[in-house]
Amino acid sequence: MMNNPHPELIKLMKHLARRAGEVMMKRFEGHYQIYDKPDGTRVTDVDLEISDILQETLAKEFPEAVLFSEECGTHEIIPGRPHLIIDELDGTSAFIEKRLGFSHQAAYFDPADGLTFGLIYHPWNDHLLSAFKGRGVSLEQGRDRYPLSSPDHPEFKDFRYAHPYRYRGKKYRRLLERIGVDSSQIVLTDSTRTHQFALGQIDASIMLMERIPEWDWAAEKLIVEELGFYHGYLNGEKARFGVEPPSDNPGYLICPMNLESALRASVLEAIESPERG
């Protein structure tokens, strides 16, 4: 069992998550401005206010750490330094649309031990899902805390697959059809996806993206791996903070560890073989 290199770190990260949640819920009804970022995504005053809180608090409480977050910093990884990998408000579009599909995500990277702690906090139901490497996963609501074990899965043929809620194209549905997945096995997901994995509501997720920003996968990776899932690239390599994806990366996969090889091979065959029909 791994020792916590910073005994107060988990407490601090949970405190910051709940502070971020307070800002989100206080301004959820629309008391903010919306801006377009150069990459075409949107950001709000809420994201930026949380970013300011993170920078100010970490400068005082954990100055040796590098803040590697979506809305602040240069996104430069500094070798030998601890990093906090944070998405201030994951699901900005859901937030803007007043849908309960947003969260705060944070992970801690230790230069010696890699990713060691991760959390995902949903302020609208006060659910905080967290994992410490080698110590399992827990779900907290208020003062109640529940340890979570690896979820049960149906037979492989009955697996339930995640589908991005906001994705309107047919790419994922066509891929799932080609590997034999019925439409009844497709589950729409948003920032609650990791909770769905933890609670046994979905069994696999295929993400056909060459590169996903670290703040979008670091916390989820640690949590699902502690629950017995594979989380990595479709070529079989695991995603690692500070290491770029393989060239020509076809995408990412989350699924039960014991079926990773079989499912990965099926997905790659479906991607690489000519489209039928």
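The present account deals with the structure reproduced in this document. Predicted, not measured: the structure shown is a model, and the values here were computed from it.

Considering the overall build of the protein
Phase 1 of the analysis: Each helix and strand in the protein was counted, giving seven helices and 14 strands.
Phase 2 of the analysis: A globule of 277 residues ought to have a C-alpha radius of gyration of about 19 Å, and the protein, at 19 Å, matches this closely.
Phase 3 of the analysis: With respect to the principal axes defined by its C-alpha atoms, the protein has extents near 60 × 45 × 40 Å.
Phase 4 of the analysis: For the protein, the proportion of its 277 residues judged to be buried stands at 52%.
Phase 5 of the analysis: Of the contacts made within the protein by residues no fewer than 6 positions apart, 58% connect residues no fewer than 24 positions apart.

Here we look at the packing of helix α1 (residues 9–26) against helix α2 (residues 45–61)
Phase 1 of the analysis: The geometry of α1 relative to α2 is characterised by a closest axis approach of 10 Å and an angle of 155° between their N-to-C directions. On the basis of their axis angle, the class for α1 and α2 is roughly antiparallel. Of the two elements, α1 crosses α2, and the hand of that crossing is right-handed. Contacts between α1 and α2 involve Leu 12, Leu 16, Arg 19, Ala 20, Val 23, Met 24 and Lys 26 on the former and, on the latter, Val 46, Glu 49, Ile 50, Ile 53, Leu 54, Thr 57, Leu 58 and Glu 61.
Phase 2 of the analysis: Split into classes, the residues belonging to the contact of α1 with α2 amount to 10 nonpolar, one polar and four charged.

Thoughts on the sheet that holds strand β8 (residues 136–141)
Phase 1 of the analysis: Across the sheet, seven strands lie side by side as β3-β4-β5-β6-β7-β8-β9; this open sheet has mixed pairing. Edge positions in the sheet fall to β3 (66–69) and β9 (144–148), since each of these pairs with one other strand and no more. This sheet shows a mean twist of 20° between the axes of neighbouring strands, independent of strand direction.
Phase 2 of the analysis: Where strand β6 (residues 114–122) and strand β7 (residues 127–132) come together, six bridges link them in antiparallel fashion. Bridging from a neighbouring strand, Leu 119 pairs with Ser 130 of β7.
Phase 3 of the analysis: Lying over the sheet, α2 contacts β3 and β4 (83–90), oriented at roughly 155° with respect to β4.
Phase 4 of the analysis: Helix α6 (residues 214–226) rests against β3, β4, β5 (103–110), β6, β7 and β8 of the sheet, and its axis sits at about 100° to β6.

So, the pairing of β9
Phase 1 of the analysis: Two elements, β8 and β9, share five bridges in a ladder whose sense is antiparallel. Each bridged residue has a counterpart across the sheet, and for Gln 141 the counterpart in β9 is Asp 144.

Describing the sheet that holds strand β14 (residues 252–256)
Phase 1 of the analysis: An order of β12-β14-β13 is seen for the three strands of this open sheet, with the pairing classed as antiparallel. Looking at the sheet topology across the chains shown, the edges are occupied by β12 (205–207) and β13 (229–233). Adjacent strand axes in the sheet meet at a mean angle of 10° when their direction is disregarded.
Phase 2 of the analysis: Where β13 meets β14, five bridges bridge the pair, whose relative direction is antiparallel. Residue pairing for β14: Gly 232 is matched across the bridge by Leu 253.

A closer look at the nonpolar core
Phase 1 of the analysis: Of all hydrophobic cores here, the largest spans 33 residues; its most connected members are Met 13, Met 24, Val 46, Phe 62, Leu 84, Phe 95 and Leu 119.
Phase 2 of the analysis: Mapped by element, the contributors of at least two residues to this core are α1, α2, β4, α3 (92–96), β5, β6 and β7.
Phase 3 of the analysis: Leaving out residues up to four positions away in the same chain, Phe 95 has contacts with Met 24, Arg 27, Phe 28, Tyr 32, Val 46, Leu 89 and Phe 102.
Phase 4 of the analysis: One finds Ile 212, Trp 215, Ala 218 and Tyr 252 within the second-largest nonpolar core, a separate group that totals 30 residues.

What about the packing of aromatic side chains?
Phase 1 of the analysis: Inspection of every chain in the model, using the stated rule, returns 14 aromatic pairs.
Phase 2 of the analysis: Measuring from ring centre to ring centre gives 5.3 Å for Tyr 32 and Phe 95, while their planes differ by 40°; the resulting arrangement is tilted. With Tyr 32 in the loop between α1 and β1 (34–36) and Phe 95 in helix α3, the pair connects residues that are 63 residues apart, well separated along the chain.
Phase 3 of the analysis: Judged by relative accessible area, Tyr 32 falls into the buried class, the value being 11%.

Describing the side chain of Thr 194
Phase 1 of the analysis: Tracing the sequence through the fold places Thr 194 in helix α5 (residues 193–198).
Phase 2 of the analysis: Ignoring anything within four residues of it in the chain, the contact list for Thr 194 reads Ile 120, Leu 129, Glu 220, Ile 223 and Val 224.

Notes on the pattern of salt bridges
Phase 1 of the analysis: Inspection of the entire model under this criterion finds 15 salt bridges.
Phase 2 of the analysis: When the shortest N-O distance is used, the salt bridge between Glu 70 and Lys 37 registers 3.2 Å. Of this pair, Glu 70 sits in the loop between β3 and β4 while Lys 37 sits in the loop between β1 and β2 (42–44); the two residues are 33 residues apart in sequence, bridging distant segments of the chain.
Phase 3 of the analysis: Note that Asp 203 is salt-bridged to Arg 160, the shortest N-O span being 2.9 Å. Remark: Arg 160 occurs in the loop between β9 and β10 (161–164) and Asp 203 occurs in the loop between α5 and β12; sequence separation between them is 43 residues.
Phase 4 of the analysis: On the basis of relative accessible area, Asp 203 is assigned to the buried category, the value being 0%.
Phase 5 of the analysis: Owing to a relative accessible area of 24%, Arg 160 belongs among the partly exposed residues under this scheme.
Phase 6 of the analysis: Salt bridges here are not isolated pairs; linked through shared partners, they connect Lys 14, Arg 18 and Glu 140.

Definitions and cut-offs
- Residues numbered from 1 in each chain as written.
- Predicted model: local features only at pLDDT ≥ 70, side-chain atom pairs only at ≥ 80, totals over all residues.
- Heavy atoms only, no water.
- Helix = DSSP H or I, 4+ residues; strand = E, 2+ residues; numbered from the N terminus.
- Rg over C-alpha atoms; globule rule 2.2 N^0.38 Å.
- Buried < 20%, exposed > 50% of the residue type's maximum accessible area, 1.4 Å probe, protein only.
- Contact = heavy atoms within 4.5 Å.
- Axes fitted to C-alpha atoms, helices over the stretch in contact; angles between N-to-C directions.
- Parallel < 35°, antiparallel > 145°, perpendicular 65-115°, else oblique.
- Left-handed = near helix turned anticlockwise from the far one by under 90°.
- Nonpolar A, V, L, I, M, F, W, Y, C, P; charged D, E, K, R; others polar.
- Pairing = 2+ DSSP bridges.
- Core = buried A, V, L, I, M, F, W, Y, C linked by side-chain atoms within 4.5 Å.
- Phe/Tyr/Trp six-rings, centres within 6.5 Å; stacked < 30°, edge-to-face > 60°.
- Salt bridge = Lys/Arg side-chain N within 4 Å of Asp/Glu carboxyl O.

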